[in-house]
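Spelled out, the chains give:
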Amino acid sequence: MTDRFERGLANLRTIDGEAGEKVIESLQDISPDLARYTIEYPFADIYARPGLGLREREIATIAALTAMGNAAPQLKVHIQAGLNVGLSKTEIEEIIIQMSVYAGFPAALNGMQAAKEVFEQPAQGEAVTS
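Residues numbered from 1 in each chain as written. Predicted model: local features only at pLDDT ≥ 70, side-chain atom pairs only at ≥ 80, totals over all residues. Heavy atoms only, no water.

A closer look at the nonpolar core
Part 1: Ranked by internal contacts, the top residues of the largest apolar core, which has 16 residues, are Ile62, Leu75, Ile79, Ile92, Ile96 and Phe119.
Part 2: Mapped by element, the contributors of at least two residues to this core are helix H4 (54-68), helix H5 (72-84), helix H6 (89-103) and helix H7 (105-120).
Part 3: No other element matches the five residues that H7 contributes to this core.
Part 4: The contacts of Leu75, once residues within four sequence positions are left out, are Ile62, Leu65, Thr66, Gly111 and Ala114.
Part 5: One finds Phe5, Leu27, Ala35 and Ala81 within the second-largest nonpolar core, a separate group that totals twelve residues. (Core = buried A, V, L, I, M, F, W, Y, C linked by side-chain atoms within 4.5 Å. Buried < 20%, exposed > 50% of the residue type's maximum accessible area, 1.4 Å probe, protein only. Helix = DSSP H or I, 4+ residues; strand = E, 2+ residues; numbered from the N terminus. Contact = heavy atoms within 4.5 Å.)

Some words on the packing of H5 against H6
Part 1: For the pair H5 and H6, interaxial distance at closest approach is 9 Å and the crossing angle is 140°. Between H5 and H6, the crossing angle belongs to the class labelled oblique. For the element pair H5 and H6, the recorded crossing hand is right-handed. In contact with Ile79, Gly82 and Leu83 of H5, H6 contributes Lys89, Ile92 and Ile96.
Part 2: Class assignment of the residues belonging to the contact of H5 with H6 gives a composition of four nonpolar, one polar and one charged. (Axes fitted to C-alpha atoms, helices over the stretch in contact; angles between N-to-C directions. Parallel < 35°, antiparallel > 145°, perpendicular 65-115°, else oblique. Left-handed = near helix turned anticlockwise from the far one by under 90°. Nonpolar A, V, L, I, M, F, W, Y, C, P; charged D, E, K, R; others polar.)

Dropping the structure here:
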């Protein structure tokens, strides 16, 4: 494994946690190259750049994925990532509401539904009680 891959994997684990690792695992049997690219380019090259912190990068990512309106699985991963890097649920809700102005209500409604699903999940490492 290359230094770039290792650096990307460390960032992936910090930012996306278990959800990010599941995405990578799901690609291994169909496209190991895409799995590697997903680790190396965004997480080793882009997320490691100076100028923005992880919180700010996740704010931008949540806003972009909400505005796209067609990337619910990725939006859920990045909503969890936002929580992982210190965003509050209220901040995430406000990011999505802000997108109603620029991307429209359908995108914001879908984004808020994705947030609801993430918020209802047990926190990573939290015990599930029945």
